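# Structure at a glance
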Amino acid sequence: MSYLDLIALLDSTFRLGTPLLLACLAGLFSERAGIFDIGLEGKMLAAAMASATVAYFTGSAWVGLGAGIVASVLFALIHGVASITFRGNQLISGVALNFLASGLTVLAAQAIFHQGGRTEALRGAARFNAIELPFTAQIAPVPVIGPLYSTVLSGDSILSYIALLLVPLTWWVLYRTRFGLRLRAVGENPESVDTAGISVIRLRYCAVIITGVLCGLAGAYLATALQAGFGKEMTSGRGYIALAALIFAKWKPWNALGATMLFGFFQALSLRGDIVERVLHFQIPGPFLDALPYILTVIALAGFIGKSVAPKAGGQPYVKER
Amino acid sequence: MNKLPKWADLGLVPLINVALAFGISMLVILAIGGDPVEAIKVMVEGAVGSSYAWGYTLYFTTSFLFTGLSVTVAYHASQFNIGSEGQAQLGGLGVALVCLAVPWPHWALALPAAMIGAALFGLLWALIPAWLQAKRGSHIVITTIMFNYIASALLVYLLGGVLKPEGSSDPATARFGPGAHLPALNEVPGLGMLFANNTPVNISFFVAVLACVAVWFLLFRSRLGYEIRAYGKSESAAIYAGISPTKVIVIAMLISGGLAGMMAINNVMGESERLVLNSAEGAGFIGIAVALMGRNHPFGVFIAALLFGMLYQGGGELGLWTSIPIELRIVLQGLVILFTGALNGMSERAVIWVFAKLSAKQGAQA
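Here is a short report on the structure shown in this document.

Rules and cut-offs
- Residues numbered from 1 in each chain as written.
- Chains lettered and ligands numbered in written order.
- Predicted model: local features only at pLDDT ≥ 70, side-chain atom pairs only at ≥ 80, totals over all residues.
- Heavy atoms only, no water.
- Patch = residues over 30% accessible without salt bridge, like charges linked within 9 Å, V, L, I, M, F, W, Y side chains within 5 Å.
- Areas by Shrake-Rupley, 256 points an atom, 1.4 Å probe, with all protein chains shown as cover.
- Salt bridge = Lys/Arg side-chain N within 4 Å of Asp/Glu carboxyl O.
- Helix = DSSP H or I, 4+ residues; strand = E, 2+ residues; numbered from the N terminus.
- Buried < 20%, exposed > 50% of the residue type's maximum accessible area, 1.4 Å probe, protein only.
- Phe/Tyr/Trp six-rings, centres within 6.5 Å; stacked < 30°, edge-to-face > 60°.
- Core = buried A, V, L, I, M, F, W, Y, C linked by side-chain atoms within 4.5 Å.
- Contact = heavy atoms within 4.5 Å.
- Buried area = accessible area lost by both parts, 1.4 Å probe.
- Axes fitted to C-alpha atoms, helices over the stretch in contact; angles between N-to-C directions.
- Parallel < 35°, antiparallel > 145°, perpendicular 65-115°, else oblique.
- Left-handed = near helix turned anticlockwise from the far one by under 90°.
- Nonpolar A, V, L, I, M, F, W, Y, C, P; charged D, E, K, R; others polar.

### Details of a nonpolar patch on the surface
All names here are of chain A. The grouping of Tyr-3, Val-142, Val-144, Ile-145 and Leu-148 at the surface amounts to a nonpolar patch, some 420 Å² of accessible area in total. Take Val-142: it is sitting in the loop between α5 (136-139) and α6 (145-153). Note on Val-142: relative accessible area 36%, which makes it partly exposed.

### Regarding the packing of aromatic side chains
Residues and elements named next belong to chain A. Tallying each qualifying case throughout the model produces 20 aromatic pairs over all chains. For the ring pair Tyr-56 and Phe-57, a centre distance of 5.2 Å and an interplane angle of 75° mean the geometry is edge-to-face. Judged by relative accessible area, Tyr-56 falls into the partly exposed class, the value being 33%. Under the relative-accessibility criterion, Phe-57 is labelled exposed at 55%. With a centroid separation of 5.7 Å and 15° between ring planes, the pair formed by Phe-57 and Phe-113 is classed as stacked. Note that Phe-57 is positioned in helix α2 (residues 40-58) and Phe-113 in helix α4 (residues 90-113), a separation of 56 residues in sequence.

### Things to note about the nonpolar core
Of all hydrophobic cores here, the largest spans 210 residues; its most connected members are Phe-263 of chain A together with Phe-64, Val-95, Met-269, Ile-288 and Phe-308 of chain B. The contact partners of Phe-308 of chain B, leaving out residues within four places of it in the chain, are Phe-64, Ile-286, Ala-289, Val-290, Met-293, Gln-333 and Val-336 of chain B.

### Here's the deal with the interface of chain B and chain A
Taken residue by residue, the interface counts 39 residues in chain B and 43 residues in chain A. The contact between chain B and chain A buries some 3500 Å² in all, and 83% of this surface belongs to carbon and sulfur atoms. Area buried by chain B at its contact with chain A is led by Ile-142, Met-146 and Tyr-149 of chain B, which between them contribute 17% of it. In this assembly, chain B and chain A are joined by 1 salt bridge.

### Things to note about the packing of helix α11 (residues 238-248) of chain A against helix α12 (residues 253-271) of chain A
All names here are of chain A. Two numbers describe how α11 lies on α12: the axes approach to 8 Å, and their chain directions differ by 135°. In terms of their interaxial angle, α11 and α12 are classed as oblique. Relative to α12, α11 is oriented so that their crossing is right-handed. Residues Arg-238, Ile-241, Ala-244, Ala-245 and Phe-248 of α11 form the contact with α12, whose participating residues are Ala-259, Thr-260, Leu-262, Phe-263 and Gln-267. Per-class residue counts for the contact of α11 with α12 are 7 nonpolar, 2 polar and 1 charged.

### Some words on the pattern of salt bridges
All names here are of chain A. If you walk through the whole model with that rule in mind, you get 11 salt bridges over all chains. For Asp-11, the salt bridge is made with Arg-15, and the minimal N-O distance between the two is 2.9 Å. Taken together, the residues span about one helical turn, with Asp-11 and Arg-15 both in helix α1 (residues 3-32) at a distance of 4 residues. Across the salt bridge formed by Arg-278 and Asp-274, the nearest N and O atoms sit 3.5 Å from each other. Placement of both Arg-278 and Asp-274 in helix α13 (residues 273-280) is noted, with a separation of 4 residues, approximately one turn of the helix. What makes Asp-274 partly exposed here is its relative accessible area of 35%. In the salt-bridge network here, residues are joined through shared partners; they are Asp-5, Arg-272, Asp-274 and Arg-278.

### Section: unusual backbone geometry
Non-glycine residue Arg-87 of chain A carries a positive phi angle of around 50°. With respect to the secondary-structure elements, Arg-87 of chain A resides in the loop between α3 (61-85) and α4. Arg-87 of chain A gets classed as partly exposed once you look at its relative accessible area, which sits at 38%. Of note, the phi angle at Ser-78 of chain B is positive, near 55°, even though the residue is not glycine.

Right under this line is the structure:
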């Protein structure tokens, strides 16, 4: 594999890893607070649809992003009501919301655009376009590092850079703020948080809403940055892959960056079959390449993560003692 | 806390949940500019209004019985099998291989063989996620979903190449021979009058009903079923009682995968008589809704499968005769899962509250 091939792969990796990273951080907040969320997929889908629609009509990707976040938070709140207030099964609630999003997005897109469940293609300011990082032209000629900076890092949408910045921010919130300490505590031992006079319910709702906001970013990225519009089932399992990455990352923000970029790399491999073939010197059937990210996800989950311990109170509704 | 009488717990609460799911679906139809009253009419007419309708409704019911039972068995072992869809696709592969392997002289021979093939492929597809869950703790929900994607890629590959008959451009296998043709119910003497010609419901409906009874026996009358349920209720208690978690998880998932795979005798052998792409058409996912609505009891599953058969057939007619997209079925399915599976506590609390009010009133009168 030539260096240029590697750069091309890494460029795709960053682009495809971004939505995974956003969704993974979304899941991190929720699961750290003790709420399992299989519904990342559905929230992303709802956000993708809402952001593409609103961006199309307003011509502004930012307004679209706002709409995407609203849609995603609404779904997150339903999950919250089901799993926090009514102590329902969190896995089931997540699965239900995924189906709901899958159907509703197509119904809405069809009712608005009459294009078989797609939205109209977005142009110009209705999309988050590539931005060039400062000094790209100056650094580009530098060997090795140059292409890495100018091609891989630079030339992506603002949402990609927001996603990157969210990693240290999440770390800081989780480990350096009072809110973060309480959030982690409520996922490990909600009784102790309750004893300290802090509302378990409110903390968990906060976490669920943050999850909604981040999934909103992820969905808007898919529809208004990575692609130019919403398409039926466009998340294609990214929400689940993000969950796998979260387990792989052992629920830690910096690990999440590494894990999602690894899974992004898997997706890049499936997208760039030509490079894979050049390296392996034989042709790989298309369907196998398509399945590659999913196969590698299973292998990664099964294989080398060592012991990955979920937050202790995860998945259990909290019942206050009387 | 007040306990509800059994009829309210098993009848009233689920009924309220389904009504809520329905009500919201009607609002959705209203929101996308459709006419809910007309929609209900088309759906009911299309699902139960004629012998033609029943011929399709019971055909879908058959598929949902298999997948609903599949999810149920796994659920009792506290495994959430979202992979029934992929397992059903693989079951289709098993059926196709069996049916194409030999020129079958009669369906009575072909059916048992096809059942074995279907169940075998389905359970093999469940084996890896099950083993990974039991041995490595890899989350079964995620692995089974990944296996759904892998299954569809595998079938795209096989149907586009090896299994495609020469000269065909269709991504499908060759048609099965006449000996592998399962009698449709309209071809069965005595039943023929009940179902219109060319409706796909076939004798695998009876196999599905038998499977219901078998699963009931397995879960509630056999030692293995007891172990599965004990493990599902409390892992630590089960281990203390000498039940092996690995054994329970793997066996329950294998049965679950086998049941999902068996669905293929209905859709692949009974209807299309060849294996096409995406043969399961989401029936595996509907199995989740069916299992939840049926409270994970085989007889509940039977009622729920019937209801979903009607919904699916009625929803299909909706896509044909109105401007409402067929995806409404997925919305309804999501809502049923949400209300019966996750928000059950909400309607339960409401009913308990009403009951408490009523009994207080009676007490005051007396």
